[in-house]
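# Chain and residue survey
Each chain, letter by letter, is given below.
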Amino acid sequence: LLKYRGGVVRRHDALIPLTHDHHHALHNLRLLRRASDEDDAGRLDAARTFAAFFREHSVLHFREEEEEIFPLVISHPEAPTDGVVRVLVEHVRLHAMVKALEAQVARGSVEAVLMQELADLLRGHIRFEEDDLFPAIERLVGEELGAVSLAERDRT
Ligand SMILES: [Fe+2]
Ligand SMILES: [Fe+2]
């Protein structure tokens, strides 16, 4: 059992590492969003820290979802195709926004609005996966999930 947004959600064992990643990402995006009203130096520092987190953790997380989890459900007659399309497009949007963030970091000045939009997109993305897409996948392909074992990596 993992706590999520004040409630308690039972996750399939195979998805627990991804839910753990989500908690970690929520913490990091809160820091990014909170720093958006700081001065130039504070925004630069927070943006650099978030971009490093994204490169180290989120890129692998997206790949595990795209390569190990979503393929299990995409051919199911009741596949949540719209939901899978939504999260794939959001993965691409998140890559684009982090590239923009890194470009601003390299120039030495980061826009508050970009920090806010990036944090909001990632938060909505995680909520959709946790509240809608993961439950649908558990319901439709719970048995197939039993064969999934995500590689060990540092998720702290
Ligand atoms: Fe995702
Ligand atoms: Fe995710």
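Preceding this section is the structure that the text describes.
Below: a short report on this structure. (Residues numbered from 1 in each chain as written. Chains lettered and ligands numbered in written order. Predicted model: local features only at pLDDT ≥ 70, side-chain atom pairs only at ≥ 80, totals over all residues. Heavy atoms only, no water.)

### A short note on the coordination of the iron ion (ligand 1)
Protein-derived ligands of the iron ion (ligand 1) are E65 (OE), H91 (NE2), H125 (NE2) and E129 (OE), with the metal-ligand distances lying across 2.0 to 2.2 Å. Given 4 donor atoms and angles of 85 to 177 degrees at the metal, the environment of the iron ion (ligand 1) is assigned as irregular. Counting the intervening residues between successive donors of the iron ion (ligand 1) yields the motif E-x25-H-x33-H-x3-E. Here the iron ion (ligand 1) and the iron ion (ligand 2) are spaced 3.2 Å apart, linked through E65, which binds each one. Placement of H91 in helix α3 (residues 81-107) and of H125 in helix α4 (residues 112-145) is noted, with a sequence separation of 34 residues between them. Here H91 falls in the buried class, since its relative accessible area comes to 1%. (Donors = N, O, S within 2.8 Å, 3.2 Å for Na, K, Ca; no water. Tetrahedral: all angles 85-135°; square planar, octahedral: opposite > 155°, others 65-115°. Helix = DSSP H or I, 4+ residues; strand = E, 2+ residues; numbered from the N terminus. Buried < 20%, exposed > 50% of the residue type's maximum accessible area, 1.4 Å probe, protein only.)

### Quick word on the coordination of the iron ion (ligand 2)
For the iron ion (ligand 2), every protein donor is listed as H22 (NE2), H61 (NE2), E65 (OE) and E129 (OE), and the spread of their distances is 2.0 to 2.2 Å. Coordination at the iron ion (ligand 2) comes from 4 donor atoms whose angles at the metal span 82 to 170 degrees, giving a geometry best classed as irregular. All donor residues of the iron ion (ligand 2) come from one chain, and their arrangement in sequence is H-x38-H-x3-E-x63-E.

### Overview of the pattern of salt bridges
Counted according to the given criterion, the structure contains 9 salt bridges. Between D120 and R33 there is a salt bridge; the shortest N-O distance is 2.7 Å. Within this pair, whereas D120 is found in helix α4, its partner R33 is found in helix α1 (residues 16-34), the two being separated by 87 residues in sequence. D120 is the partner of R123 in a salt bridge, and the nearest nitrogen-oxygen pair spans 2.7 Å. Taken together, the residues span about one helical turn, with R123 and D120 both in helix α4 at a distance of 3 residues. A residue is classified by how much of its surface remains accessible, and R123, at 25% relative accessible area, is partly exposed. Given the relative accessible area of 30%, D120 is considered partly exposed. Connected through shared salt-bridge partners, R11, E130 and E138 make up one network. (Salt bridge = Lys/Arg side-chain N within 4 Å of Asp/Glu carboxyl O.)

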